[in-house]
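So the chains spell out like this:
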Amino acid sequence: MADRVFIFDTTLRDGEQSPGVSFNIQEKLEIARQLARLNVDIIEAGFPITSPGDFAAVQAIAREIRGPVIAGLCRANPVDIDRAWEALKEAEHPRIHIVIATSDLHIKHKLQKTRPEVLELAVAAVKQARGYTDNVEFSAEDASRSDLGYLCEVLEATIEAGATTVNVPDTVGYSIPQEFGEFIAQIRDRVRKIDQVILSVHCHNDLGLAVANSLAAVSSGAQQVECAVNGLGERAGNAALEEIAMGLYTRQSYFNKDTGIKYDEIYRTSKLVSSLSGMAVQANKAVVGKNAFSHASGIHQDGVLKERTTYEIMNPELIGLPQTNIVLGKLSGRHAFRERLAELGYILDGDRLNQAFERFKNLTDRKKEITDRDLEALVKNEIKAAPELFLLDYLHISSGTTVVPTATVGLKRNGSIQEEAACGDGPVDAALRAIDKITGFQDISLSEYTINAVTGGKDGKDALGEVSARVEYGGRPFIGRGLSTDIVEASVKAYLNAVNKVIYETGQAGEELEVAGKRRRGRPPGSGKKTVKK
Ligand code: KIV
Ligand code: ZN
(Lines give C-alpha, C1' and ligand atoms only; values in the text may rest on other atoms or scores of the structure.)
(Ligands and ions follow the chains in the order given, each with its own letter.)
Protein backbone atom coordinates (compact mmCIF):
# COMPACT_ATOMS: atom_id res chain seq x y z
CA MET A 1 0.00 0.00 0.00
CA ALA A 2 1.17 3.50 -0.84
CA ASP A 3 2.46 5.69 2.00
CA ARG A 4 0.56 8.79 2.96
CA VAL A 5 1.85 12.31 2.26
CA PHE A 6 0.18 14.90 4.47
CA ILE A 7 -0.91 18.10 2.78
CA PHE A 8 -0.36 21.18 4.93
CA ASP A 9 -2.06 24.15 3.37
CA THR A 10 -0.66 27.58 4.16
CA THR A 11 -2.79 29.69 1.80
CA LEU A 12 -4.18 31.63 4.75
CA ARG A 13 -0.79 32.32 6.32
CA ASP A 14 2.13 32.28 3.87
CA GLY A 15 -0.34 32.74 0.98
CA GLU A 16 -1.64 35.89 2.61
CA GLN A 17 1.94 37.13 2.75
CA SER A 18 1.84 37.44 -1.06
CA PRO A 19 2.41 41.07 -1.89
CA GLY A 20 -0.97 42.80 -2.18
CA VAL A 21 -3.04 39.90 -0.86
CA SER A 22 -5.19 40.44 2.18
CA PHE A 23 -8.14 38.31 3.25
CA ASN A 24 -10.64 39.47 5.80
CA ILE A 25 -12.16 37.14 8.34
CA GLN A 26 -15.17 36.14 6.21
CA GLU A 27 -12.95 35.39 3.27
CA LYS A 28 -10.60 33.34 5.44
CA LEU A 29 -13.51 31.34 6.78
CA GLU A 30 -14.84 30.74 3.29
CA ILE A 31 -11.44 29.53 2.13
CA ALA A 32 -11.01 27.36 5.23
CA ARG A 33 -14.40 25.73 4.57
CA GLN A 34 -13.35 24.98 1.02
CA LEU A 35 -9.97 23.63 2.19
CA ALA A 36 -11.87 21.29 4.50
CA ARG A 37 -13.98 20.12 1.53
CA LEU A 38 -10.74 19.64 -0.41
CA ASN A 39 -9.73 17.49 2.55
CA VAL A 40 -6.31 18.94 3.23
CA ASP A 41 -4.75 17.45 6.36
CA ILE A 42 -3.66 20.69 7.98
CA ILE A 43 -4.89 24.26 7.53
CA GLU A 44 -2.44 26.90 8.69
CA ALA A 45 -5.02 29.51 9.59
CA GLY A 46 -2.72 32.43 10.37
CA PHE A 47 -0.12 33.99 12.63
CA PRO A 48 -2.19 35.07 15.67
CA ILE A 49 0.29 37.46 17.31
CA THR A 50 0.60 39.63 14.20
CA SER A 51 -2.72 41.47 14.51
CA PRO A 52 -6.09 41.30 16.26
CA GLY A 53 -7.62 40.51 12.86
CA ASP A 54 -5.34 37.55 12.32
CA PHE A 55 -6.03 36.33 15.85
CA ALA A 56 -9.80 36.58 15.29
CA ALA A 57 -9.58 34.72 11.98
CA VAL A 58 -7.55 31.85 13.47
CA GLN A 59 -9.98 31.67 16.37
CA ALA A 60 -13.04 31.64 14.09
CA ILE A 61 -11.54 28.91 11.93
CA ALA A 62 -10.53 26.90 15.01
CA ARG A 63 -14.08 27.15 16.34
CA GLU A 64 -15.85 26.21 13.15
CA ILE A 65 -13.78 23.90 10.99
CA ARG A 66 -13.93 20.21 11.74
CA GLY A 67 -11.76 17.56 10.11
CA PRO A 68 -8.36 19.07 9.31
CA VAL A 69 -5.81 20.02 11.95
CA ILE A 70 -5.80 23.80 12.47
CA ALA A 71 -2.34 25.28 12.87
CA GLY A 72 -1.30 28.73 14.04
CA LEU A 73 2.21 30.09 13.53
CA CYS A 74 4.31 31.67 16.26
CA ARG A 75 7.92 32.65 16.82
CA ALA A 76 9.95 30.88 19.48
CA ASN A 77 8.97 33.14 22.35
CA PRO A 78 6.51 32.75 25.21
CA VAL A 79 4.17 35.61 24.25
CA ASP A 80 3.71 34.38 20.69
CA ILE A 81 3.05 30.84 21.87
CA ASP A 82 0.47 31.91 24.48
CA ARG A 83 -1.31 34.01 21.89
CA ALA A 84 -1.30 31.22 19.32
CA TRP A 85 -2.76 28.81 21.83
CA GLU A 86 -5.43 31.30 22.86
CA ALA A 87 -6.57 31.46 19.24
CA LEU A 88 -6.31 27.72 18.61
CA LYS A 89 -7.57 26.15 21.80
CA GLU A 90 -11.13 25.52 20.62
CA ALA A 91 -10.04 23.65 17.51
CA GLU A 92 -10.97 20.01 17.19
CA HIS A 93 -7.32 19.27 16.32
CA PRO A 94 -5.07 22.24 17.18
CA ARG A 95 -1.40 22.48 16.23
CA ILE A 96 1.10 25.04 17.46
CA HIS A 97 3.65 25.80 14.75
CA ILE A 98 6.90 27.34 16.01
CA VAL A 99 9.51 28.91 13.77
CA ILE A 100 13.04 30.13 14.37
CA ALA A 101 15.86 30.54 11.87
CA THR A 102 18.83 28.18 11.90
CA SER A 103 21.09 29.54 9.13
CA ASP A 104 24.12 31.50 10.29
CA LEU A 105 23.03 34.33 8.02
CA HIS A 106 19.72 34.70 9.84
CA ILE A 107 21.13 33.94 13.28
CA LYS A 108 23.78 36.62 12.97
CA HIS A 109 22.04 39.39 11.02
CA LYS A 110 18.36 38.95 11.76
CA LEU A 111 18.24 37.41 15.21
CA GLN A 112 21.61 38.74 16.40
CA LYS A 113 22.12 35.64 18.47
CA THR A 114 24.43 32.67 18.57
CA ARG A 115 23.80 29.07 17.55
CA PRO A 116 23.53 27.83 21.18
CA GLU A 117 21.06 30.62 22.00
CA VAL A 118 18.83 29.65 19.07
CA LEU A 119 18.97 26.00 20.07
CA GLU A 120 17.94 26.90 23.60
CA LEU A 121 15.05 29.11 22.43
CA ALA A 122 13.80 26.40 20.06
CA VAL A 123 13.80 23.75 22.79
CA ALA A 124 12.14 26.03 25.34
CA ALA A 125 9.47 27.02 22.82
CA VAL A 126 8.62 23.43 21.94
CA LYS A 127 8.43 22.51 25.63
CA GLN A 128 6.12 25.44 26.34
CA ALA A 129 3.87 24.51 23.40
CA ARG A 130 3.76 20.89 24.53
CA GLY A 131 2.31 22.18 27.79
CA TYR A 132 -0.73 23.18 25.72
CA THR A 133 -1.04 20.46 23.11
CA ASP A 134 0.57 17.24 21.95
CA ASN A 135 0.57 18.47 18.33
CA VAL A 136 3.58 20.75 17.92
CA GLU A 137 5.45 21.56 14.72
CA PHE A 138 8.93 23.01 14.73
CA SER A 139 10.23 24.85 11.65
CA ALA A 140 13.91 25.67 11.14
CA GLU A 141 13.62 28.77 8.99
CA ASP A 142 16.16 28.99 6.15
CA ALA A 143 17.00 25.34 6.84
CA SER A 144 18.32 24.75 3.32
CA ARG A 145 21.06 27.35 3.86
CA SER A 146 21.84 26.17 7.37
CA ASP A 147 24.88 24.16 8.38
CA LEU A 148 23.66 20.58 8.12
CA GLY A 149 25.33 19.44 11.34
CA TYR A 150 23.82 22.29 13.34
CA LEU A 151 20.41 21.87 11.71
CA CYS A 152 20.40 18.17 12.63
CA GLU A 153 21.35 19.08 16.19
CA VAL A 154 18.42 21.54 16.44
CA LEU A 155 15.94 19.08 14.90
CA GLU A 156 17.09 16.33 17.23
CA ALA A 157 16.80 18.59 20.29
CA THR A 158 13.32 19.80 19.33
CA ILE A 159 12.15 16.22 18.75
CA GLU A 160 13.53 15.35 22.17
CA ALA A 161 11.63 18.37 23.59
CA GLY A 162 8.37 17.07 22.14
CA ALA A 163 7.97 18.32 18.54
CA THR A 164 5.74 15.94 16.62
CA THR A 165 6.47 17.42 13.18
CA VAL A 166 9.78 18.94 12.11
CA ASN A 167 9.76 21.14 9.06
CA VAL A 168 12.68 21.89 6.74
CA PRO A 169 11.92 25.06 4.78
CA ASP A 170 13.70 26.20 1.67
CA THR A 171 12.71 29.67 2.80
CA VAL A 172 14.29 31.62 -0.03
CA GLY A 173 13.74 29.07 -2.80
CA TYR A 174 17.49 28.54 -3.21
CA SER A 175 17.64 24.76 -3.54
CA ILE A 176 17.87 22.59 -6.63
CA PRO A 177 15.71 19.43 -6.65
CA GLN A 178 18.45 16.79 -6.56
CA GLU A 179 20.36 18.74 -3.92
CA PHE A 180 17.26 19.26 -1.77
CA GLY A 181 16.35 15.58 -2.08
CA GLU A 182 19.82 14.65 -0.86
CA PHE A 183 19.56 17.19 1.97
CA ILE A 184 16.35 15.57 3.19
CA ALA A 185 17.92 12.11 2.87
CA GLN A 186 20.84 13.29 5.03
CA ILE A 187 18.43 14.60 7.66
CA ARG A 188 16.62 11.25 7.67
CA ASP A 189 19.95 9.47 8.16
CA ARG A 190 21.47 11.73 10.77
CA VAL A 191 18.68 12.91 13.09
CA ARG A 192 17.92 10.48 15.90
CA LYS A 193 14.23 9.60 16.34
CA ILE A 194 13.31 11.28 13.04
CA ASP A 195 11.30 8.15 12.26
CA GLN A 196 9.12 8.87 15.30
CA VAL A 197 7.92 12.26 13.97
CA ILE A 198 6.62 13.66 10.70
CA LEU A 199 9.34 15.13 8.49
CA SER A 200 7.97 18.08 6.54
CA VAL A 201 9.18 20.43 3.80
CA HIS A 202 8.15 23.96 2.89
CA CYS A 203 9.55 25.22 -0.42
CA HIS A 204 9.46 28.68 -1.96
CA ASN A 205 9.41 29.34 -5.65
CA ASP A 206 12.10 31.98 -6.20
CA LEU A 207 13.74 29.86 -8.91
CA GLY A 208 10.48 28.27 -10.04
CA LEU A 209 11.46 25.00 -8.32
CA ALA A 210 9.16 24.86 -5.29
CA VAL A 211 7.06 21.96 -6.55
CA ALA A 212 10.08 20.09 -7.96
CA ASN A 213 11.96 20.51 -4.68
CA SER A 214 8.96 19.36 -2.64
CA LEU A 215 8.51 16.26 -4.80
CA ALA A 216 12.24 15.48 -4.63
CA ALA A 217 11.92 15.71 -0.84
CA VAL A 218 8.96 13.32 -0.89
CA SER A 219 11.09 10.85 -2.84
CA SER A 220 13.67 11.15 -0.07
CA GLY A 221 11.17 10.44 2.67
CA ALA A 222 9.43 13.75 3.50
CA GLN A 223 5.95 12.90 4.76
CA GLN A 224 4.38 16.35 4.87
CA VAL A 225 4.39 19.00 2.15
CA GLU A 226 3.55 22.59 2.95
CA CYS A 227 1.96 24.34 0.01
CA ALA A 228 -0.60 26.95 -0.99
CA VAL A 229 -3.46 27.06 -3.46
CA ASN A 230 -2.38 28.55 -6.80
CA GLY A 231 1.15 28.74 -5.38
CA LEU A 232 0.38 31.91 -3.39
CA GLY A 233 2.99 32.96 -0.86
CA GLU A 234 5.77 35.31 0.06
CA ARG A 235 7.60 36.76 -3.01
CA ALA A 236 7.36 34.21 -5.86
CA GLY A 237 5.13 32.05 -3.70
CA ASN A 238 5.01 28.58 -2.21
CA ALA A 239 4.74 25.20 -3.86
CA ALA A 240 1.33 25.04 -5.55
CA LEU A 241 -0.99 22.65 -3.73
CA GLU A 242 -2.79 21.53 -6.88
CA GLU A 243 0.52 20.70 -8.60
CA ILE A 244 1.80 18.70 -5.65
CA ALA A 245 -1.48 16.78 -5.35
CA MET A 246 -1.80 16.07 -9.07
CA GLY A 247 1.91 15.28 -9.42
CA LEU A 248 1.67 12.63 -6.72
CA TYR A 249 -1.59 11.30 -8.16
CA THR A 250 -0.62 11.28 -11.83
CA ARG A 251 2.79 9.75 -11.16
CA GLN A 252 1.65 7.36 -8.46
CA SER A 253 3.58 4.60 -10.18
CA TYR A 254 6.75 6.64 -9.60
CA PHE A 255 6.14 8.01 -6.10
CA ASN A 256 3.91 5.31 -4.63
CA LYS A 257 2.33 7.91 -2.32
CA ASP A 258 -1.25 8.89 -1.54
CA THR A 259 -2.76 12.12 -0.28
CA GLY A 260 -6.20 12.56 1.21
CA ILE A 261 -7.06 15.28 -1.32
CA LYS A 262 -10.52 15.21 -2.92
CA TYR A 263 -9.28 15.91 -6.39
CA ASP A 264 -12.64 17.05 -7.74
CA GLU A 265 -12.52 20.05 -5.37
CA ILE A 266 -9.24 21.33 -6.80
CA TYR A 267 -10.60 23.50 -9.56
CA ARG A 268 -13.23 25.11 -7.35
CA THR A 269 -10.67 25.80 -4.62
CA SER A 270 -8.36 27.44 -7.11
CA LYS A 271 -11.17 29.64 -8.44
CA LEU A 272 -12.24 30.66 -4.96
CA VAL A 273 -8.73 31.59 -3.86
CA SER A 274 -8.04 33.43 -7.08
CA SER A 275 -11.24 35.39 -6.75
CA LEU A 276 -10.83 36.27 -3.07
CA SER A 277 -7.12 37.07 -3.32
CA GLY A 278 -7.50 39.11 -6.49
CA MET A 279 -4.56 37.13 -7.94
CA ALA A 280 -5.53 35.86 -11.36
CA VAL A 281 -4.35 32.38 -12.34
CA GLN A 282 -2.14 32.62 -15.41
CA ALA A 283 -3.62 30.87 -18.45
CA ASN A 284 -0.71 28.44 -18.81
CA LYS A 285 -0.57 27.56 -15.11
CA ALA A 286 -0.24 23.80 -14.56
CA VAL A 287 -3.43 21.95 -13.56
CA VAL A 288 -5.78 24.91 -13.05
CA GLY A 289 -4.83 27.40 -15.80
CA LYS A 290 -7.38 28.15 -18.51
CA ASN A 291 -5.16 26.48 -21.10
CA ALA A 292 -4.21 23.44 -19.04
CA PHE A 293 -6.75 21.28 -20.89
CA SER A 294 -7.06 23.24 -24.15
CA HIS A 295 -5.58 21.91 -27.34
CA ALA A 296 -4.80 24.37 -30.07
CA SER A 297 -2.83 22.53 -32.72
CA GLY A 298 -4.74 20.44 -35.26
CA ILE A 299 -2.54 17.42 -34.66
CA HIS A 300 -3.18 17.56 -30.92
CA GLN A 301 -6.92 18.08 -31.37
CA ASP A 302 -7.08 15.14 -33.73
CA GLY A 303 -5.15 12.99 -31.24
CA VAL A 304 -7.35 13.96 -28.29
CA LEU A 305 -10.53 13.30 -30.25
CA LYS A 306 -9.28 9.84 -31.15
CA GLU A 307 -7.96 9.07 -27.68
CA ARG A 308 -7.89 11.69 -24.91
CA THR A 309 -4.75 10.34 -23.28
CA THR A 310 -2.64 11.01 -26.38
CA TYR A 311 -2.17 14.57 -25.13
CA GLU A 312 -3.85 14.69 -21.73
CA ILE A 313 -2.08 13.15 -18.75
CA MET A 314 -4.84 14.23 -16.37
CA ASN A 315 -8.58 14.02 -16.76
CA PRO A 316 -10.13 17.50 -16.41
CA GLU A 317 -13.17 15.96 -14.75
CA LEU A 318 -10.95 14.61 -12.01
CA ILE A 319 -10.01 18.08 -10.80
CA GLY A 320 -13.65 19.16 -10.95
CA LEU A 321 -13.45 21.29 -14.08
CA PRO A 322 -17.10 22.02 -14.92
CA GLN A 323 -18.07 20.09 -18.03
CA THR A 324 -21.61 21.14 -18.68
CA ASN A 325 -22.00 24.26 -20.73
CA ILE A 326 -25.64 25.24 -20.78
CA VAL A 327 -27.65 24.34 -17.74
CA LEU A 328 -30.06 26.92 -16.50
CA GLY A 329 -32.01 29.83 -17.95
CA LYS A 330 -34.83 32.29 -17.50
CA LEU A 331 -37.46 29.70 -16.67
CA SER A 332 -35.43 27.80 -14.10
CA GLY A 333 -36.75 27.87 -10.56
CA ARG A 334 -35.11 28.08 -7.19
CA HIS A 335 -35.11 24.32 -6.74
CA ALA A 336 -33.24 23.62 -9.98
CA PHE A 337 -30.88 26.47 -9.18
CA ARG A 338 -30.11 25.09 -5.74
CA GLU A 339 -29.69 21.53 -7.07
CA ARG A 340 -27.31 22.60 -9.80
CA LEU A 341 -25.24 24.58 -7.31
CA ALA A 342 -25.14 21.55 -5.04
CA GLU A 343 -23.91 19.44 -7.97
CA LEU A 344 -21.16 21.98 -8.38
CA GLY A 345 -20.36 21.65 -4.69
CA TYR A 346 -21.88 24.90 -3.42
CA ILE A 347 -24.37 24.23 -0.67
CA LEU A 348 -26.47 27.36 -0.19
CA ASP A 349 -29.49 27.83 2.02
CA GLY A 350 -31.49 30.60 3.63
CA ASP A 351 -30.40 34.14 2.89
CA ARG A 352 -27.38 33.16 0.90
CA LEU A 353 -29.54 31.07 -1.42
CA ASN A 354 -32.14 33.83 -1.74
CA GLN A 355 -29.56 36.45 -2.57
CA ALA A 356 -27.80 34.23 -5.08
CA PHE A 357 -31.14 33.32 -6.69
CA GLU A 358 -32.06 36.97 -7.02
CA ARG A 359 -28.77 37.65 -8.78
CA PHE A 360 -29.34 34.63 -10.97
CA LYS A 361 -32.78 35.94 -11.99
CA ASN A 362 -31.32 39.35 -12.76
CA LEU A 363 -28.69 37.69 -14.86
CA THR A 364 -31.21 35.64 -16.84
CA ASP A 365 -32.85 38.91 -17.87
CA ARG A 366 -29.64 39.85 -19.60
CA LYS A 367 -28.06 36.57 -20.53
CA LYS A 368 -29.92 33.72 -22.14
CA GLU A 369 -27.55 30.91 -21.40
CA ILE A 370 -26.32 30.51 -17.85
CA THR A 371 -23.34 28.20 -17.66
CA ASP A 372 -21.74 26.49 -14.70
CA ARG A 373 -19.05 29.12 -14.71
CA ASP A 374 -21.66 31.88 -14.51
CA LEU A 375 -23.13 30.11 -11.51
CA GLU A 376 -19.75 29.82 -9.87
CA ALA A 377 -19.20 33.51 -10.37
CA LEU A 378 -22.61 34.31 -8.88
CA VAL A 379 -21.90 32.24 -5.82
CA LYS A 380 -18.49 33.72 -5.30
CA ASN A 381 -20.23 37.04 -5.36
CA GLU A 382 -22.26 35.93 -2.36
CA ILE A 383 -19.13 35.68 -0.25
CA LYS A 384 -19.40 39.12 1.07
CA ALA A 385 -16.95 40.37 3.51
CA ALA A 386 -18.88 43.37 4.58
CA PRO A 387 -22.47 44.52 4.61
CA GLU A 388 -23.32 46.55 1.55
CA LEU A 389 -23.59 49.95 3.20
CA PHE A 390 -23.67 51.66 -0.16
CA LEU A 391 -25.65 49.77 -2.78
CA LEU A 392 -25.75 50.61 -6.46
CA ASP A 393 -29.28 51.69 -7.29
CA TYR A 394 -28.82 53.02 -10.81
CA LEU A 395 -26.13 54.06 -13.23
CA HIS A 396 -26.38 56.19 -16.36
CA ILE A 397 -23.44 56.60 -18.65
CA SER A 398 -22.94 58.95 -21.55
CA SER A 399 -19.84 58.08 -23.50
CA GLY A 400 -18.46 57.97 -27.01
CA THR A 401 -15.61 59.17 -29.19
CA THR A 402 -16.85 62.76 -29.43
CA VAL A 403 -18.34 63.41 -25.98
CA VAL A 404 -16.81 63.85 -22.56
CA PRO A 405 -17.69 60.66 -20.66
CA THR A 406 -20.21 61.45 -17.95
CA ALA A 407 -21.75 59.23 -15.30
CA THR A 408 -24.73 59.67 -13.04
CA VAL A 409 -24.75 57.27 -10.13
CA GLY A 410 -27.45 56.61 -7.56
CA LEU A 411 -26.38 54.83 -4.39
CA LYS A 412 -28.72 53.58 -1.73
CA ARG A 413 -27.67 54.01 1.88
CA ASN A 414 -29.92 53.39 4.88
CA GLY A 415 -32.96 53.31 2.60
CA SER A 416 -32.38 56.69 0.94
CA ILE A 417 -30.81 57.33 -2.42
CA GLN A 418 -27.97 59.76 -3.00
CA GLU A 419 -27.17 60.84 -6.53
CA GLU A 420 -24.09 62.44 -8.04
CA ALA A 421 -22.77 63.04 -11.53
CA ALA A 422 -19.19 63.38 -12.69
CA CYS A 423 -17.11 63.55 -15.84
CA GLY A 424 -14.04 61.43 -16.39
CA ASP A 425 -11.50 60.31 -18.91
CA GLY A 426 -13.58 57.23 -19.56
CA PRO A 427 -16.94 55.88 -18.40
CA VAL A 428 -15.41 53.88 -15.53
CA ASP A 429 -13.39 56.86 -14.38
CA ALA A 430 -16.50 59.06 -14.47
CA ALA A 431 -18.57 56.55 -12.52
CA LEU A 432 -15.92 56.10 -9.83
CA ARG A 433 -15.60 59.85 -9.44
CA ALA A 434 -19.36 60.11 -8.95
CA ILE A 435 -19.15 57.41 -6.28
CA ASP A 436 -16.36 59.31 -4.51
CA LYS A 437 -18.57 62.36 -4.40
CA ILE A 438 -21.28 60.38 -2.65
CA THR A 439 -19.12 58.45 -0.20
CA GLY A 440 -16.84 61.40 0.50
CA PHE A 441 -13.70 59.30 0.88
CA GLN A 442 -10.61 61.21 -0.10
CA ASP A 443 -7.79 58.88 0.80
CA ILE A 444 -8.78 55.84 -1.17
CA SER A 445 -6.53 55.05 -4.09
CA LEU A 446 -7.26 52.45 -6.70
CA SER A 447 -4.06 50.43 -7.02
CA GLU A 448 -5.15 47.57 -9.25
CA TYR A 449 -8.00 46.91 -11.57
CA THR A 450 -8.57 43.74 -13.59
CA ILE A 451 -11.41 42.53 -15.77
CA ASN A 452 -11.97 38.88 -16.61
CA ALA A 453 -14.56 37.51 -18.97
CA VAL A 454 -15.98 34.78 -16.76
CA THR A 455 -17.87 33.12 -19.58
CA GLY A 456 -18.27 33.69 -23.27
CA GLY A 457 -21.85 34.47 -24.14
CA LYS A 458 -23.49 33.59 -27.42
CA ASP A 459 -21.24 35.10 -30.10
CA GLY A 460 -19.25 36.53 -27.20
CA LYS A 461 -21.87 39.26 -26.85
CA ASP A 462 -23.33 38.63 -23.43
CA ALA A 463 -20.22 37.43 -21.63
CA LEU A 464 -20.27 37.92 -17.89
CA GLY A 465 -17.43 40.18 -16.77
CA GLU A 466 -15.84 39.97 -13.36
CA VAL A 467 -13.94 43.00 -12.16
CA SER A 468 -11.51 42.92 -9.29
CA ALA A 469 -10.60 46.32 -7.85
CA ARG A 470 -7.90 46.71 -5.25
CA VAL A 471 -7.96 49.95 -3.28
CA GLU A 472 -5.55 51.17 -0.64
CA TYR A 473 -6.76 52.97 2.44
CA GLY A 474 -4.73 53.76 5.54
CA GLY A 475 -1.87 51.64 4.20
CA ARG A 476 -4.07 48.55 3.85
CA PRO A 477 -5.34 46.88 0.69
CA PHE A 478 -9.04 46.10 0.25
CA ILE A 479 -10.21 43.99 -2.64
CA GLY A 480 -13.66 44.37 -4.12
CA ARG A 481 -15.37 42.30 -6.76
CA GLY A 482 -18.20 43.02 -9.12
CA LEU A 483 -20.00 40.95 -11.66
CA SER A 484 -22.15 42.01 -14.56
CA THR A 485 -22.64 41.59 -18.29
CA ASP A 486 -21.80 45.31 -18.43
CA ILE A 487 -18.18 46.03 -17.53
CA VAL A 488 -18.85 49.59 -16.33
CA GLU A 489 -21.47 48.24 -13.96
CA ALA A 490 -19.13 45.42 -12.88
CA SER A 491 -16.43 48.04 -12.23
CA VAL A 492 -18.76 50.20 -10.17
CA LYS A 493 -19.86 47.18 -8.13
CA ALA A 494 -16.26 46.10 -7.55
CA TYR A 495 -15.24 49.57 -6.44
CA LEU A 496 -18.27 49.88 -4.17
CA ASN A 497 -17.58 46.45 -2.71
CA ALA A 498 -14.05 47.59 -1.83
CA VAL A 499 -15.30 50.91 -0.40
CA ASN A 500 -17.88 49.04 1.70
CA LYS A 501 -15.07 46.90 3.08
CA VAL A 502 -13.07 50.00 3.94
CA ILE A 503 -16.03 51.50 5.79
CA TYR A 504 -16.87 48.28 7.58
CA GLU A 505 -13.40 47.11 8.47
CA THR A 506 -12.12 50.48 9.62
CA GLY A 507 -15.11 50.85 11.90
CA GLN A 508 -16.64 53.81 10.07
CA ALA A 509 -19.95 52.16 9.36
CA GLY A 510 -21.75 54.23 11.95
CA GLU A 511 -20.29 57.59 11.03
CA GLU A 512 -21.97 60.05 8.72
CA LEU A 513 -19.60 60.56 5.85
CA GLU A 514 -19.29 64.03 4.53
CA VAL A 515 -19.98 64.57 0.89
CA ALA A 516 -17.12 66.68 -0.23
CA GLY A 517 -16.26 65.99 -3.83
CA LYS A 518 -12.90 64.53 -2.97
CA ARG A 519 -10.50 62.82 -5.35
CA ARG A 520 -8.95 59.39 -5.51
CA ARG A 521 -5.36 58.98 -6.54
CA GLY A 522 -5.53 56.10 -9.03
CA ARG A 523 -7.66 55.22 -12.01
CA PRO A 524 -8.23 51.96 -13.86
CA PRO A 525 -5.91 51.46 -16.78
CA GLY A 526 -7.59 52.67 -19.91
CA SER A 527 -9.99 54.88 -18.03
CA GLY A 528 -7.72 57.82 -18.39
CA LYS A 529 -5.52 60.25 -16.52
CA LYS A 530 -6.70 62.48 -13.69
CA THR A 531 -7.17 65.56 -15.81
CA VAL A 532 -10.89 66.15 -15.71
CA LYS A 533 -12.10 68.19 -12.76
CA LYS A 534 -15.09 67.00 -10.88
O1 KIV B 1 9.35 30.15 4.49
C2 KIV B 1 9.44 29.81 5.69
O3 KIV B 1 10.51 29.47 6.20
C4 KIV B 1 8.21 29.85 6.48
C5 KIV B 1 8.24 29.22 7.84
C6 KIV B 1 7.37 29.94 8.77
C7 KIV B 1 7.85 27.79 7.72
O8 KIV B 1 7.20 30.30 6.00
ZN1 ZN C 1 7.30 30.31 3.79
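Structure's up top.
Since this is a predicted model, take the numbers as computed values, not measurements. (Residues numbered from 1 in each chain as written. Chains lettered and ligands numbered in written order. Predicted model: local features only at pLDDT ≥ 70, side-chain atom pairs only at ≥ 80, totals over all residues. Heavy atoms only, no water.)

Chemist: Where do I start with the environment of Phe-23 in this structure?
Modeler: Along the chain, the position of Phe-23 falls in the loop between β2 (6-9) and α1 (25-38). Residues Phe-23 and Gly-400, 377 residues apart in the sequence, show an inter-C-alpha distance of 38 Å. (Helix = DSSP H or I, 4+ residues; strand = E, 2+ residues; numbered from the N terminus.)

Chemist: Any chance you could explain the pairing of strand β12 (residues 406-413) here in plain terms?
Modeler: Two faces, one strand: in a regular strand the side chains alternate between the faces of the sheet. Where strand β11 (residues 391-398) meets β12, 7 bridges bridge the pair, whose relative direction is antiparallel. Note on β12: the bridge partner recorded for Leu-395 is Val-409. Judged from the 8 bridges that link them, β12 and strand β13 (residues 416-423) form a sheet pairing that is antiparallel. Pairing of Arg-413 across the sheet is with Ser-416, part of β13. (Pairing = 2+ DSSP bridges.)

Chemist: Please explain the packing of aromatic side chains as it appears in this structure.
Modeler: The relation between two aromatic rings is expressed through the spacing of the ring centres and the mutual angle of the planes. A complete count under the given rule lists 8 aromatic pairs for this structure. Centroid distance Tyr-254 to Phe-255: 5.0 Å. Interplanar angle 90 degrees. Geometry classified as edge-to-face. Take Tyr-254: its relative accessible area is 56%, and that puts it in the exposed class. Under the relative-accessibility criterion, Phe-255 is labelled buried at 13%. Taken together, a centroid distance of 5.9 Å and an interplanar angle of 35 degrees make the contact between Phe-357 and Phe-360 tilted. With a gap of 3 residues between them, Phe-357 and Phe-360 both fall in helix α14 (residues 350-366), about one helical turn apart. (Phe/Tyr/Trp six-rings, centres within 6.5 Å; stacked < 30°, edge-to-face > 60°. Buried < 20%, exposed > 50% of the residue type's maximum accessible area, 1.4 Å probe, protein only.)

Chemist: Got a minute to help me understand the site of ligand 1 in this structure?
Modeler: Around ligand 1, a shell composed of Arg-13, Asp-14, Leu-73, Val-99, Ser-139, Glu-141, Asn-167, Pro-169, Thr-171, His-202 and His-204 is seen. Contacts to ligand 1 include Asp-14, whose side-chain N or O atom sits 3.0 Å from an oxygen atom. In this structure, His-204 approaches ligand 1 through a side-chain N or O atom, which is 3.0 Å from an oxygen atom. Contact with the protein chains covers 93% of the free accessible surface of ligand 1, which is 260 Å². Of all the secondary structure elements, the ones that give two or more residues to the shell around ligand 1 are β6 (136-141) and β7 (165-170). For the shell around ligand 1, the class distribution of residues is 3 nonpolar, 5 polar and 3 charged. (Near = heavy atom within 4 Å. Polar contact = N/O pair within 3.5 Å; in protein donor to acceptor, adjacent residues only side chain to side chain. Areas by Shrake-Rupley, 256 points an atom, 1.4 Å probe, with all protein chains shown as cover. Nonpolar A, V, L, I, M, F, W, Y, C, P; charged D, E, K, R; others polar.)

Chemist: What am I meant to see in the pattern of salt bridges here?
Modeler: Opposite charge on two side chains allows them to pair when their charged atoms are near. Within this structure, the stated rule accounts for 32 salt bridges. For the salt bridge of Glu-312 with Arg-308, the shortest nitrogen-to-oxygen distance reads 3.2 Å. Since its relative accessible area comes to 7%, Glu-312 is described here as buried. Using a relative accessible area of 30% as the deciding quantity, one classes Arg-308 as partly exposed. (Salt bridge = Lys/Arg side-chain N within 4 Å of Asp/Glu carboxyl O.)

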